[in-house]
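For reference, the chains in residue letters:
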Amino acid sequence: MERTVEVLSPSVVEKIAAGEVIERPASVLKELIENSIDAGSTKIDITIEDAGFSLIRIIDNGSGMSPRNLGKSLLRHATSKIQSADDLFSIGTMGFRGEALAAIAAVSRVTITSSSDNSGMGYQIVSNGGEAEPVSPFEHPKGTTIVMRDLFFNVPARKKFMKTRKGEQMAMLRMLEQLVIPFPSIHFTASFEGKRTFDAPSAETLRERIADVAGIDFAKGLIECRNEQNGMDVVVYVSTPEQLKERPRFQSLYVNLRRIDNDSVTFAVREAFSKYLGASYRPSFFCFLDIDPSRIDVNVHPTKQQVKFDDERSLFGFIYSAVKRGIGDVMVKPDHFSTPSQQQPVANSPGEKGVELSLFNENAAELKKQPSAVDYSTIFTTAQPQSSLSSQPFQPLQLFRPEASDEPEEKRVDSKKDSALQYEMHEQIWDLISCYQIHGLFILAPIKNGILLIDQHAAHERVLFEQALEDLKRGRSASQQLLFPIVIELTPTEKSVVESGKDYFAAFGFEIADFGGRSLSISAIPAFIRDSVVVETIREMIRYLLDGKNPESFLEPEKRFAAAFACGAAIKAGQKLSQEEMNALLNSLFSAKNPYTCPHGRPTLVRMSLDELSRRFLR
Amino acid sequence: MLFTTTIRQIQDAVGKVSLAIPVKTIDPRYDNVHLSLEDGTLTLFATDGEISVTAQCGVETTDTGNIGIKAKTLQEFLRSMYDTSVSFTINRQEISDHGMVSISTDKGRYTIPCLFENKQEKSIKIYDITLQLKTDELLDLVQKTIFACSVDGMRPSMMGVLFEIQDTTITGVATDGHRLVRCRKPIQEQIHEKQKIVVPARVLSILQKLAQSETLTMSIDEDRRSVKFSMENVVLEAALIVEPYPNYEAVIPVEHDKLMHAQRTDIYDSVRRVGRFSSIGDIKIEVNGAVTKIMAENTNEGESAQEELPCTFTGEPIVIGFNAKFIEAALAHIDDKEIVIEMKSPTTAVIFKPAEPQEQEELIILVMPVRINN
């Protein structure tokens, strides 16, 4: 029987429309904060309960709404921000579609109380699943308070598709961190589950606001790049070469203060950087682009996270030249490339007997770049002060263990042939073999019938991954207690990642406690890693866990955390290794259950036989 | 410019100042040893920008002038020579700052390029604290502390030894965050206001090589930014670490309820032997009554070791883990035959100290335990 075509009821239409704008609690939070920003607020206070499902409350001191505007605020496509279609191309506010409040109201219980003057009196409107009651007078200082309760109470199916409470909370924190950055003059505070989690006091500069979110040390080191051309104005804060990581902490583009995803800009910054430092590194950056609104179309998607540019190619060139010039200016000042620890500890030292040392000091930082310049192990005449344990990034943890791999999810590389290789390598590694490090990336090792090329990071990652899984199985690994805790400054999102995985961090040997604000203190570390890599290891772990690009086999949290730990603590590209360290790594690798791939399935080694080498030389 | 001296004299001076020259440098100015002839005296000077060594060498000359010579070349030549009389004749190339040094000995003539330099203006620095110290006492204090300095740059202040000087006492403190040494010794002078400076470990290791005279003078400038050690014919000057030193006193346990007396060399030897059997260098020490067990294992390989030592122990039995290397280093820097180990719990700092402290010297070494998975 043919089904009849019916026009949907307004309430169903509203719920469908709400689905486009309001995907999850973070979307509600984003829309409400944007409204507060558009209202010219200087202080915005956020309260979240039950990851936003029970309560999201925003209190601002903005312009507030008159009873007339308040009455219309929950209607669909009701907005004060545009009047006609032409206005779509001159939008200067965060919102404009007039959809958000209506969409939120359709799937939750909303109470808005607002006052547009300083009389102390305002008005309130209450809506229950989109059914609004009349506006009534209510006491309220100038500004607006929006209370949203019971999100998705009338669309339970949507609730089922939400992530865990922790995941939703993290999504809100990440969104908040991104949203607040271009508004340094606004004081943002946020409490999650009764705990003050976020506090960004009003600041004078963008750099200060970045410091509030990303930490003072990180913000201090950013290079400022500027460009101005044809109605476009850009400021890019980009990380220094020392802060470069394979996995950047931030890559944020703001177009007319709106956070936007755009690959061209990311690519332009990377390209500009690669001129100096190779393409394998990805810098963190914050790009603030001010562009004539008529040259962009923000009305591409309801979430407004994408815009169309009238000329994307010229945008690429514009950003590229800004960053290239900015970095180029810094590259000629060698001081910028010495680490803070090298710049700070020592004062200038004027010379003795008429020789002016300050003459030399201008280049001291450059000189200090070479770590081998201060090699105490060769200088000290006293009993060997530094144990080899603490001076090495890793230890020969295990010797040969010839079982076959029990990890079917990871691809095996020619297992039959390589099982023989494992024996062969093991035989050779009992004695030190001469290895050669190539470009700080690979280890070249001769074997009986050819050569092996080993990816040092992938190999160490494999070793640590298996060890971490073992530690998790046993409950806890050996952990070196510290006399002076190491304090690490994180963003609220990063901090919540660590807190949510505290047990895993503890199992790997980290003892971590809240240090107040955005900081954590680390009072014990895995027994085999150096103090100097602790902070970076934790940051790498967080980045890894936040990235979410894990193989499906890592759905189990144990494996995900073990892989994060292995990735964070493994020796990095560019790290120099001694003969002993290279041998120890090979030894540990060939004792692993599956030495041929890293936890993500990348090969750890490439073998080239003598026959193949001979063929290449036409012998 | 001409001067005459002996190989041994100039080799000694060049060897001393070259200690300031970094192993690797990309700035050629740091490669050079600077020679200055004035008033019949040859003054040699070298620096890495933060540490400088000045030495004087007896010469026969009537000339004055300033030149720089590549230290490595000069040092290698002098090392290869036997002790004999040597003359240096320096000639300047026309319209250039470059010149050549002709070295004449009874064996032959050698030529090294040099750079003519201007006489550097002396910077004015006021040293308001000056201490006359017995060299062997200071070196002993350095030797007992320097091993615990941090070698990674994460916390720069820990890359040096903290010297606290007050009344008639000098205290040296060093830590890398895993262990801490505090060594206290008497001095002759009286310093009323407590002074705290952090001297980079590299400076102290150079001092260990330079200090040969019976006494030396340690001077601290009024800004507390540089220190000067003056010895016979040699002056070592260096920038201090200005970053605040951690509050080390707060981490020294004041209470302990477990006390162990043992023979230092017995424990040292046991830890060395047993530690070799550990997979990650950790050992377990179990003290119960009059017996101490030292254990290690490598579960992956099925290797293990255990030794038992006699000791005197008061308190509840305890099992505590350590990095074997830290224990070895701590025990290697205590002179006494018998030591005392003070413990409280498996996660609090353990104190190692001599059972019978030397007269007027106080030494304690803290080692943080490793929490071991049982």
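Residues numbered from 1 in each chain as written. Chains lettered and ligands numbered in written order. Predicted model: local features only at pLDDT ≥ 70, side-chain atom pairs only at ≥ 80, totals over all residues. Heavy atoms only, no water.

Draft legend 1. Region of the structure containing the packing of helix H6 (residues 165–180) of chain A against helix H18 (residues 492–500) of chain A. Residues and elements named next belong to chain A. Relative orientation of the contacting elements H6 and H18 amounts to 160°, with a least axis distance of 8 Å. When the axis of H6 is compared with that of H18, the two are roughly antiparallel. Touching Lys166, Met170, Leu173, Arg174 and Glu177 of H6 are Pro492, Thr493, Ser496, Val497 and Ser500, all from H18. Tallied by class, residues from the contact of H6 with H18 come to four nonpolar, three polar and three charged. (Axes fitted to C-alpha atoms, helices over the stretch in contact; angles between N-to-C directions. Helix = DSSP H or I, 4+ residues; strand = E, 2+ residues; numbered from the N terminus. Parallel < 35°, antiparallel > 145°, perpendicular 65-115°, else oblique. Contact = heavy atoms within 4.5 Å. Nonpolar A, V, L, I, M, F, W, Y, C, P; charged D, E, K, R; others polar.)

Draft legend 2. A look at helix H4 (residues 201–210) of chain B. Counting buried residues along H4(B), nine of its 10 residues qualify, which places the element largely inside the surrounding structure. Every buried residue belonging to H4(B) is among Ala201(B), Arg202(B), Val203(B), Leu204(B), Ser205(B), Ile206(B), Leu207(B), Gln208(B) and Leu210(B), and all of these are buried. (Buried < 20%, exposed > 50% of the residue type's maximum accessible area, 1.4 Å probe, protein only.)

Draft legend 3. Representation of the side chain of Thr217(B) in the model. Residues and elements named next belong to chain B. With respect to the helices and strands, the residue Thr217 is situated in strand E12 (residues 215–221). Of the residues examined, Thr217 reaches a relative accessible area of 15% and is grouped as buried. Within the structure, Thr217 has its side chain in polar contact with the side chain of Gln132 (distance 3.0 Å). For Thr217, the contacting residues outside a window of four places in its chain are Thr130, Leu131, Gln132, Lys228, Phe229 and Ser230. (Polar contact = N/O pair within 3.5 Å; in protein donor to acceptor, adjacent residues only side chain to side chain.)

Draft legend 4. Quick look at the packing of helix H17 (residues 456–474) of chain A against helix H22 (residues 579–589) of chain A. All names here are of chain A. Running from N to C, H17 and H22 point in directions that differ by 50°, and their axes come no closer than 9 Å. One element, H17, and the other, H22, form an angle in the oblique class. The way H17 lies across H22 gives a crossing that is left-handed. The residues of H22 that touch H17, namely those facing Gln456, Ala459, His460, Arg462 and Val463, are Leu585, Ser588 and Leu589. Across the contact of H17 with H22, the residue classes break down as four nonpolar, three polar and one charged. (Left-handed = near helix turned anticlockwise from the far one by under 90°.)

Draft legend 5. Expanded view of the sheet that holds strand E5 (residues 65–70) of chain B. All names here are of chain B. A sheet is described by the order of its strands in space; here 12 strands give the open sequence E1-E6-E7-E8-E5-E2-E3-E4-E14-E13-E12-E9, paired in antiparallel fashion. The open sheet terminates on both sides in strands that have one partner only, identified here as strand E1 (2–6) and strand E9 (127–134). The sheet shows a mean angle of 25° between the axes of neighbouring strands, taken without regard to direction. Sheet topology places E5 next to strand E8 (residues 109–116); three bridges connect them, and they run antiparallel. Among the inter-strand pairings, Gly68 is bridged to a residue of E8, identified as Leu115. Of the strands in this sheet, E1, strand E2 (32–38), strand E3 (41–47), strand E4 (51–58), strand E6 (85–92) and strand E14 (234–239) are in contact with helix H1 (residues 7–18), which crosses E4 at around 170°. In the packing of helix H2 (residues 71–80) onto the sheet, the strands contacted are E2, E5, E6, strand E7 (98–104) and E8, and the crossing angle to E5 comes to about 80°. (Pairing = 2+ DSSP bridges.)

Draft legend 6. Quick peek at the pattern of salt bridges. Residues and elements named next belong to chain B. Counted according to the given criterion, the structure contains 40 salt bridges over all chains. Note that Glu342 and Lys353 form a salt bridge whose closest N and O atoms lie 2.9 Å from each other. Of the two residues, Glu342 sits in strand E21 (residues 338–343) while Lys353 sits in strand E22 (residues 350–354), which places them 11 residues apart along the sequence. For Lys353, a relative accessible area of 26% corresponds to the partly exposed category. Within the structure, one salt-bridge network assembled from shared partners comprises Glu137, Asp140, Lys144, Lys185, Asp335 and Glu361. (Salt bridge = Lys/Arg side-chain N within 4 Å of Asp/Glu carboxyl O.)

Draft legend 7. Here's a closer look at the confidence of the model for chain B. Overall, the predicted model of chain B reaches an average pLDDT of 91, with 98% of residues at or above 70. Of the two predicted TM-score estimates for the complex, the pTM is 0.68 and the ipTM is 0.84. (pLDDT = per-residue confidence, 0-100.)

Draft legend 8. Geometry of the packing of aromatic side chains. Residues and elements named next belong to chain A. All told, the structure shown has 14 aromatic pairs over all chains when counted by the stated rule. Where Tyr237 meets Phe288, the ring centres are 6.2 Å apart and the plane angle is 80°; that geometry is what we call edge-to-face. Within this pair, whereas Tyr237 is found in strand E11 (residues 232–238), its partner Phe288 is found in strand E14 (residues 285–291), the two being separated by 51 residues in sequence. With a relative accessible area of 4%, Tyr237 lands in the buried category. Among the aromatic residues, those joined into a ring-pair cluster are Tyr504, Phe505, Phe508, Phe510, Phe561 and Phe565. (Phe/Tyr/Trp six-rings, centres within 6.5 Å; stacked < 30°, edge-to-face > 60°.)

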